Amino acid sequence: MNLKRLLMVGLILMAFTATSVLAMEGGNSRKGKHLFKKSCKSCHNAGDEGGEVTPMSKTMAQWDRYFKKKAKKHPGSVMKDLSKKDLKDINQFLFDKAADSPSPETCG
Ligand code: HEC
């Protein structure tokens, strides 16, 4: 096998592992957006009791930390009522549109 061929194989393998890792970890951002509007925005528009929360309220790292640690302490039962998968999708949407993401969104 010549060097060029070896490099190609290496690149393909790398691309393959990168996408499979993403697919494993990632929630569905499109579903997450829908769920966020349905389950979160009722209390999180400007002037609501929870205060305004949009994807841009936090950075990507902050959103991941929020869902890993703090979401359990969120007031009320909303975080317990949603399934793990729903929360993952919402986490993914907020992460994808976070303040420091490539495509920040306010989702008003
Ligand atoms: C029943 C009303 C209600 C619903 C529904 C609700 N929240 Fe909240 N949320 C609150 C309240 C009240 C607080 C506390 C606000 C405070 O401490 O000032 C809060 C706080 C937060 C905070 C912390 C804000 C900060 O500055 O760190 C985040 C983030 C948050 N909610 C996200 C969500 C997400 C995501 C959902 C949907 C899965 C959701 N909330 C659904 C009422 C709600």
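The shown structure was predicted, so the numbers you read here are calculated from the model rather than taken from an experiment.

With respect to the packing of aromatic side chains
No. 1: Considering all chains together, one arrives at four aromatic pairs under this definition.
No. 2: Ring centres 5.8 Å apart and planes at 75° place the aromatic pair Tyr66 and Phe67 in the edge-to-face group. The pair Tyr66 / Phe67 is uniform in exposure class, with both members buried.
No. 3: The lysine or arginine in question, Lys58, covers the ring of Trp63, its NZ or CZ lying 5.7 Å from the ring centre.

Overview of the side chain of Asp89
No. 1: Tracing the chain through its elements places Asp89 in helix α5 (residues 84–96).
No. 2: Take Asp89: its relative accessible area is 2%, and that puts it in the buried class.
No. 3: In contact with Asp89, not counting residues within four places along its chain, are Gly27, Asn28, Ser29, Lys31, Gly32 and Leu35.

Description of the site of the ligand
No. 1: In the vicinity of the ligand there are 16 residues, among which Cys40, Cys43, His44, Lys58 and His74 approach most closely.
No. 2: Contact between the ligand and His74: a nitrogen atom at 2.7 Å from a side-chain N or O atom of the residue.
No. 3: Within the residue set of the shell around the ligand, elements represented by two or more residues are α3 (60–68) and α4 (78–81).
No. 4: Each residue belonging to the shell around the ligand can be placed in one class, and the counts come to nine nonpolar, five polar and two charged.

Observations concerning the nonpolar core
No. 1: Counting residues in hydrophobic clusters, the biggest one holds 15 residues, and the most contacted among them are Phe36, Trp63, Tyr66, Phe67, Ile90 and Leu94.
No. 2: Secondary-structure elements contributing two or more residues to this core are α2 (29–39), α3 and α5.
No. 3: Element by element, the count of residues in this core is highest for α5, at four residues.

A short note on the coordination of the iron atom of the ligand
By definition of the ideal shapes, a tetrahedral metal site with four donors has angles of 109.5 degrees and an octahedral site with six donors has angles of 90 or 180 degrees.
No. 1: Listed as protein donors to the iron atom of the ligand are His44 (NE2) and His74 (NE2); their distances from the metal cover 1.9 Å.
No. 2: Here the iron atom of the ligand binds six donor atoms, and the angle range of 86 to 180° at the metal identifies the geometry as octahedral. Of this pair, His44 sits in the loop between α2 and α3 while His74 sits in the loop between α3 and α4, and the two are 30 residues apart along the sequence.

Cut-offs used in this document
Residues numbered from 1 in each chain as written. Predicted model: local features only at pLDDT ≥ 70, side-chain atom pairs only at ≥ 80, totals over all residues. Heavy atoms only, no water. Phe/Tyr/Trp six-rings, centres within 6.5 Å; stacked < 30°, edge-to-face > 60°. Buried < 20%, exposed > 50% of the residue type's maximum accessible area, 1.4 Å probe, protein only. Lys NZ or Arg CZ within 6 Å of the ring centre and 35° of its normal. Helix = DSSP H or I, 4+ residues; strand = E, 2+ residues; numbered from the N terminus. Contact = heavy atoms within 4.5 Å. Near = heavy atom within 4 Å. Polar contact = N/O pair within 3.5 Å; in protein donor to acceptor, adjacent residues only side chain to side chain. Nonpolar A, V, L, I, M, F, W, Y, C, P; charged D, E, K, R; others polar. Core = buried A, V, L, I, M, F, W, Y, C linked by side-chain atoms within 4.5 Å. Donors = N, O, S within 2.8 Å, 3.2 Å for Na, K, Ca; no water. Tetrahedral: all angles 85-135°; square planar, octahedral: opposite > 155°, others 65-115°.

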